[in-house]
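Listed here are the chains, written in short residue letters.
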Amino acid sequence: MHHSPPDESATSTGGCAHPSRPAGRLPATEAEPLGGGLKQRHLTMLGLGGVIGAGLFVGSGAGIAVAGPGIVVSYLIAGALAMCVMRMLGEMSAAMPASGSFSVHAERALGRWAGFSVGWLYWFLLVVVLAVEATGAAQIAHGWAPAVPQWAWVLIFMLVFTGANLAAVKNFGEFEFWFAALKVFAIVAFLVLGLLAIFGVLPETDPVGLTHLTGDGGFLPNGWEGVVSGVLAVVFAFGGLEVVTIAAAESDDPVRSVARAVRSAVYRILFFYVGSMLVIVTVLPWTAQRAGASPYVTVLDSIGVPSAGTIMNIVVFVALLSALNANLYGSSRMVFSLAERGEAPKALLTVSGGGVPRRAVLASVAFGFVSVVLNLKWPDSVFLYMLNAVGAVLLFVWALIAVSQLRLRRRIERDAPERLVLRMWAFPYLTWAALAAMAAVLVLMLSDDGARPQLLWSAGATGLVLAVAGLREWRERRAGRSGPGVNNL
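Not measured: the values here are computed from a predicted model.

Calculation notes
Residues numbered from 1 in each chain as written. Predicted model: local features only at pLDDT ≥ 70, side-chain atom pairs only at ≥ 80, totals over all residues. Heavy atoms only, no water. Helix = DSSP H or I, 4+ residues; strand = E, 2+ residues; numbered from the N terminus. Rg over C-alpha atoms; globule rule 2.2 N^0.38 Å. Contact = heavy atoms within 4.5 Å. Areas by Shrake-Rupley, 256 points an atom, 1.4 Å probe, with all protein chains shown as cover. Expected span 1.5 Å × (residues − 1). Buried < 20%, exposed > 50% of the residue type's maximum accessible area, 1.4 Å probe, protein only. 1 Å grid on protein atoms, 1.4 Å probe; cavity = no way out; pocket = protein on both sides within 12 Å on 5 of 7 lines; lining within 4 Å. Points joined across faces, edges and corners; volume = space filled by probe spheres on them. Nonpolar A, V, L, I, M, F, W, Y, C, P; charged D, E, K, R; others polar. Patch = residues over 30% accessible without salt bridge, like charges linked within 9 Å, V, L, I, M, F, W, Y side chains within 5 Å. Salt bridge = Lys/Arg side-chain N within 4 Å of Asp/Glu carboxyl O. Axes fitted to C-alpha atoms, helices over the stretch in contact; angles between N-to-C directions. Parallel < 35°, antiparallel > 145°, perpendicular 65-115°, else oblique. Left-handed = near helix turned anticlockwise from the far one by under 90°. Polar contact = N/O pair within 3.5 Å; in protein donor to acceptor, adjacent residues only side chain to side chain.

A. Main features of the overall build of the chain. Secondary structure assignment for the chain yields 19 helices and zero strands. For the chain, whose C-alpha radius of gyration is 22 Å, the value lies close to the compact-globule estimate of 23 Å for 489 residues. Its C-alpha atoms give the chain principal-axis dimensions of roughly 75 × 55 × 40 Å. Residue pairs at least 24 apart in sequence account for 79% of intrachain contacts in the chain once pairs closer than 6 positions are excluded. Accessible area for the chain stands at about 18,800 Å²; split by element, carbon and sulfur atoms hold 66% of it.

What follows is the structure, given as structure tokens:
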């Protein structure tokens, strides 16, 4: 790898001037030019809020339809994989906090091509998903107020959250804290009501016991094949956890903050996901669930909760807006980090007095607006292709996180073992096992008629970004120079 020369274009707006260092040495942790202000409670809730979205409240119905009660096992498998990825990411982010998180780690571990590729792929993923969330929230709001057209609701949401993200970062943190708190409260209330129904404590209910878990075709009505199909249906619902490690760089104590947020988020998320699935398949026969309908609404209706549909609609609405807010934040910080390292236009490096990368926010929301327009005008053609193109990108991002951790862990142990405040479990065996699990999911997607187009489009998008990264490196090599980059190891 090239050593990076000092970046003469670094400005007061936050360009990173990194002097050349001996290869193989870890860089010193450097101050981020972005504003601090995120507290521990913000990060903890961000970890929960980023991943508790419409995928859990509505999308889980599709998983139950293919796996039956075995969906609990599907969530355990997918959740275990997500926990491993978060632990790896937490280890690297606590040792080397950076607003580019895994993009910076990939660059340090594998080279500029890796940082460029994973950074731009993740940015593309977030801004396309942002459009889905804005549209989903607008559909719900349009149902409540039909006089306001759907596009107007999208515009309102985008303007409100652009404003929130252009203000001080603590405003974003507060928004996300209360959004996530409502979602967590809703799930806890659901778990309590579900348990009371199972034990027959609620008025006019008989104890359900465990009959639905083992009756109706048994615990695995569609065998292990159903469980595997369930994993495919739910694994992408865990996307969004990564934003915690991006946000940690803007907290008052990045090292401790990321370590604590990662520890708490993974366990709580597993509890919420697996716990609520267990309640759903215990209270009602799995055959009572329909793909596209919220299993939570079906259960609440069955135990006599008044206006269950309306209550869950409000929760899903908040979940969508919360995810939109988190994705706009994550995408702006990722593209800012890319600009810092010379992998995106330098114009994006402008930072406000409050430490907010405003141009990066506007660039991300601008593409978000484009995606929304495509979604509203051509939902079944142009936008469908874009959505397919990001379908499996999360797995490619996770795979690069795992490979980066394999390489960086040895260097951290050698050069700065005191920075290992959070360690990956059973290293390196569990990292390799997680990589094998990701490869298995990709193979399953290839063999599944429904998932294959997503995988092929995502592979095409990834191949295109890798080709651009390779071409840039080749041109720079021919020119006999290396770009700014991060401190190369």
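B. Region of the structure containing helix H12 (residues 254-283). Compared with an ideal rise of 1.5 Å per residue, which puts 30 residues at 44 Å, H12 spans 42 Å between its outermost C-alpha atoms and is within 8% of the ideal. Across the 30 residues of H12, 21 count as buried, placing the element largely inside the fold.

C. Just the layout of surface pockets, in detail. Here the largest pocket is characterised by a volume of approximately 1,500 Å³. If you go around the largest pocket, you meet 49 residues; those closest to its centre are Gly 55, Val 129, Val 132, Phe 236 and Ala 237. If you list the elements that add at least two residues to the lining of the largest pocket, you get helix H2 (54-57), helix H3 (60-67), helix H6 (112-144), helix H10 (223-234), helix H14 (308-340) and helix H16 (382-391). Here the lining of the largest pocket gets nine residues from one element, more than from any other, and that element is H6. Taken together, the residues of the lining of the largest pocket sort by class into 27 nonpolar, 18 polar and four charged. Of the volumes computed, that of the second largest pocket is approximately 190 Å³. Surrounding the second largest pocket, 13 residues form its lining, Ala 186, Ala 189, Ile 311, Met 312 and Val 315 being those nearest its centre. Of all the secondary structure elements, the ones that give two or more residues to the lining of the second largest pocket are helix H8 (169-198), helix H13 (295-302) and H14. The biggest single contributor to the lining of the second largest pocket is H8, with six residues. Residues that form the lining of the second largest pocket fall into these classes: 13 nonpolar, no polar and no charged.

D. H16, seen in detail. Along H16, the residues classified as buried are Phe 383, Met 386, Asn 388, Ala 389, Val 390 and Gly 391. Looking at the buried side of H16, the elements it contacts are H6, helix H15 (358-377), helix H17 (393-415) and helix H19 (452-479).

E. Structural view of a nonpolar patch on the surface. Side chains of Trp 151, Leu 155, Leu 159 and Leu 376 sit close together on the surface and give an oily, nonpolar patch of about 390 Å² of accessible area. Here the nonpolar patch takes three residues from helix H7 (residues 150-166), the largest share from any one element. Of note, Trp 151 is situated in helix H7.

F. Broad picture of the packing of helix H5 (residues 102-110) against H6. Where H5 meets H6, the closest approach of the two axes is 6 Å, and the angle between their N-to-C directions is 160 degrees. With respect to each other, H5 and H6 are oriented roughly antiparallel. Where H5 crosses over H6, the handedness of that crossing is right-handed. The segment H5 lies against H6, with Phe 102, Ser 103, Ala 106, Glu 107 and Leu 110 engaging Arg 112, Trp 113, Ala 114, Gly 115, Val 118, Gly 119 and Tyr 122. Its residues assigned to classes, the contact of H5 with H6 comprises seven nonpolar, three polar and two charged.

G. Structural view of the environment of Ile 71. Here Ile 71 is to be found in helix H4 (residues 71-95). Given the relative accessible area of 0%, Ile 71 is considered buried. For Ile 71 and Val 228, which are 157 residues apart along the polypeptide, the C-alpha to C-alpha distance reads 9.2 Å. Not counting the four nearest positions on each side in its chain, Ile 71 is found in contact with Gly 63, Ile 64, Gly 230, Val 234, Met 277 and Val 281.

H. Region of interest: the pattern of salt bridges. According to the stated counting rule, one finds 13 salt bridges in the structure shown. Salt-bridge contacts for Glu 250 lead to Arg 333; the nearest nitrogen and oxygen are separated by 2.7 Å. With Glu 250 in the loop between helix H11 (243-247) and H12 and Arg 333 in helix H14, this pair connects stretches of sequence that are 83 residues apart. Looking at Glu 250, the relative accessible area reads 0%, which means it is buried. The partner of Arg 414 in a salt bridge is Asp 415, and the shortest N-O contact between them spans 3.1 Å.

I. A look at the side chain of His 42. Here His 42 shows up in helix H1 (residues 40-49). For His 42, the side chain forms a polar contact with the side chain of Glu 174, separated by 2.8 Å. Not counting the four nearest positions on each side in its chain, His 42 is found in contact with Gly 37, Lys 170, Gly 173, Glu 174 and Phe 177.

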